[in-house]
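What follows is each chain in one-letter form.
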Amino acid sequence: MSKLGRRRFLVYSSATVATSMLLKACATGEETVNTEDGIKVGILHSLSGTMAISETTVVDAEMLAIDEINAAGGVLGKKIIPVKEDGASDWPTFAEKAAKLIDKDKVVTVFGCWTSASRKAVLPVFESKQHMLWYPVQYEGQECPNNIFYTGAAPNQQIEPAVDWLLENKGKSFFLVGSDYVFPRTANTIIKEQLKAKGGKTVGEDYLPLGNTEVTAIITKIKAALPNGGVIFNSLNGDSNVAFFKQMQGAGLTPDKYPVMSVSIAEEEVRQIGTEYLKGHYAAWNYFQTVESPANDKFVKAFKAKYGEDRVTNDPMEAAYIMVYLWKQAVEAAGTTDIEAVRKAAVGQEFDAPEGKVKMAPNHHISKTVRIGQVREDGLFDIVSSTKGAVDPIPWNQYVPETKGYACDWTDPNKGGKYKKA
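Structure report, in brief.

Reading the values: the criteria
- Residues numbered from 1 in each chain as written.
- Predicted model: local features only at pLDDT ≥ 70, side-chain atom pairs only at ≥ 80, totals over all residues.
- Heavy atoms only, no water.
- 1 Å grid on protein atoms, 1.4 Å probe; cavity = no way out; pocket = protein on both sides within 12 Å on 5 of 7 lines; lining within 4 Å.
- Points joined across faces, edges and corners; volume = space filled by probe spheres on them.
- Helix = DSSP H or I, 4+ residues; strand = E, 2+ residues; numbered from the N terminus.
- Nonpolar A, V, L, I, M, F, W, Y, C, P; charged D, E, K, R; others polar.
- Core = buried A, V, L, I, M, F, W, Y, C linked by side-chain atoms within 4.5 Å.
- Buried < 20%, exposed > 50% of the residue type's maximum accessible area, 1.4 Å probe, protein only.
- Contact = heavy atoms within 4.5 Å.
- Axes fitted to C-alpha atoms, helices over the stretch in contact; angles between N-to-C directions.
- Parallel < 35°, antiparallel > 145°, perpendicular 65-115°, else oblique.
- Left-handed = near helix turned anticlockwise from the far one by under 90°.
- Disulfide = S-S within 2.5 Å.
- Salt bridge = Lys/Arg side-chain N within 4 Å of Asp/Glu carboxyl O.
- Pairing = 2+ DSSP bridges.

1. Side note on empty space enclosed by the protein
- Following the criterion strictly, the structure yields two cavities of 30 Å³ or more and no others.
- Here the largest cavity is characterised by a volume of approximately 40 Å³.
- Where the lining of the largest cavity is concerned, the elements lending two or more residues are helix H2 (52–71) and helix H9 (267–273).
- In terms of residue class, the lining of the largest cavity is made up of four nonpolar, five polar and one charged.

The structure is reproduced here in structure tokens:
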């Protein structure tokens, strides 16, 4: 795929000695660099390529949070300076840009990625440099590194509840369709194990390369495997969804007999694909624009005021917005931007988020309310199911035999990223 870069590190100082001391501290990792004018943070998302349809919106949400924080006085009395880089929907480019943000731009943290492929690509960079990534999108679990903080859903906060709801309300026969990379394949491994445990059946499974729009063969397989209707669980990402839903409708596979449950389709994607193709289908998230709460009213109003009344909010955008605030709170609790101090201070941070109150757990994931929504005429979602409160995150899956019984706790050095529960 393609390649890209990151921004420059500027050190403002009138004294040569002070400048050299600051640079030395950066090199040793003793203290992350701030400029006199502010605190640099990296923003690393796909601003071009197949994933731009989704990722540009989370950048908007992150910038809204940064602007709000700066307007309120910043962090530790300094303004946040965002340094944006384009991952270009290309995983090696994400890794290259992550290294640039850390080594050249000297950012104190990075907010970034969408696909699990991009996250997996940058993980070795953050691990080797002992740096910090905040990741805002639901994912497949099965990892728990010390250098990533997750504000999207773990599988037990999205995928698993969606399967339970479908089994109870829509049928036992599932066809699984996804993009051909780590998230959909791992998600479908979890779903197949869950269906076996709960009396459901996987009747088919197929994948498309990311960005591929040749969906005719998949539609044909769905019709053959589910001649009388059934559930379609969709983990396609990016532009593939446009072709998929248009051809589903064209083939007569309507939501009354072939309900699609998506885990990567939210309000922005509905707006861009077209409500006429998605009305009646479902999505599982922790946040919808239609959540009724003062915090959400404030968030939606602020977002529309900044970007336009025709814009919509969605789950990854909300998770991106709140992760900036959780990082801010951790920095202020630590009293420094030093990465290790912020890492420790982040655990236990709470925030009155648009989705409901969230709390950062010792496994570096947050508690989240689970919701199922159905696409309605105006392109927003009717919330048809919701947990009564926040669900605690479980990164290591309890349906998959290889990880059943494992957990993560970064507050206990004897447990760390993966340990066997008693």
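2. What to know about the nonpolar core
- Ranked by size, the top nonpolar core spans 88 residues in total, and within it Val122, Trp134, Phe174, Phe233, Met261, Tyr321 and Trp327 carry the most contacts.
- The leading source of residues in this core is helix H12 (residues 315–334), at 11 residues.
- Non-local contacts of Phe233, meaning those with residues more than four positions away in its chain, are made with Ile159, Ala162, Val163, Leu166, Phe174, Phe175, Leu176, Val177, Ile191, Met261 and Val263.
- If you look at the next biggest cluster of nonpolar residues, it comprises 27 residues, including Ala243, Phe245, Val260 and Phe381.

3. Quick notes on the layout of surface pockets
- Size it by volume and the second largest pocket reaches roughly 210 Å³.
- Lining the second largest pocket are 16 residues, and of these Ala361, Asn363, Asp392, Pro393 and Ile394 lie nearest its centre.
- The residue makeup of the lining of the second largest pocket, split by class, is 10 nonpolar, three polar and three charged.

4. Digging into the packing of helix H7 (residues 216–225) against helix H8 (residues 240–250)
- Contact geometry of H7 with H8 gives a least axis separation of 10 Å together with a crossing angle of 45 degrees. On the basis of the axis angle, H7 is oblique to H8. At the point where H7 passes H8, the crossing takes the right-handed sense. Contact residues: Thr216, Ile218, Ile219 and Ile222 in H7; Phe244, Gln247 and Met248 in H8.
- Among the residues making up the contact of H7 with H8, the classes are represented as five nonpolar, two polar and no charged.

5. Re the state of the cysteines
- Enumeration over the complete set of coordinates arrives at one disulfide.
- Cys144 supplies the cysteine sulfur nearest to Cys113, a cysteine that is in no disulfide, at a spacing of 17 Å.

6. A closer look at the pattern of salt bridges
- Taken as a whole and assessed by the stated rule, the structure comprises 22 salt bridges.
- With a closest N to O distance of 2.8 Å, Lys192 and Glu205 form a salt bridge. Within this pair, whereas Lys192 is found in helix H6 (residues 182–198), its partner Glu205 is found in strand E7 (residues 201–208), the two being separated by 13 residues in sequence.
- Lys368 is the partner of Glu355 in a salt bridge, and the nearest nitrogen-oxygen pair spans 2.8 Å. Highlighted residues: Glu355 in the loop between strand E11 (350–353) and strand E12 (356–359) and Lys368 in the loop between E12 and strand E13 (371–375), separated in sequence by 13 residues.
- Overall, the relative accessible area of 0% leaves Lys368 in the buried class.
- Each member of the salt-bridge network shares a partner with another, and the members are Arg119, Lys120, Glu140 and Glu143.

7. Digging into the pairing of E12
- Pairing between E11 and E12: four bridges, direction antiparallel. Within E12, the position partnered with Phe351 by the bridge is Val358.
- Linking E11 back to E12 in an antiparallel pair, the connection comprises two residues.

8. Describing unusual backbone geometry
- Phi angles above zero are rare outside glycine, and Lys106 is one such case at about 60 degrees.
- Topologically, Lys106 is positioned in the loop between helix H3 (91–103) and strand E3 (110–112).
- The residue Gln142 is not glycine, and still its phi comes out positive at about 65 degrees.
- On the secondary structure map, Gln142 appears in the loop between strand E4 (133–135) and strand E5 (148–150).

9. Notes on the sheet that holds strand E14 (residues 381–386)
- Read from one edge to the other, the open sheet built from seven strands follows the order E7-E6-E8-E9-E10-E13-E14, with strand pairing classed as mixed. Where the open sheet ends on each side, the last strands, each with one partner, are E7 and E14. Put simply, the sheet's adjacent strands are angled 25 degrees from each other on average, direction ignored.
- Across five bridges, the pairing between strand E6 (residues 173–179) and strand E8 (residues 231–235) is parallel.

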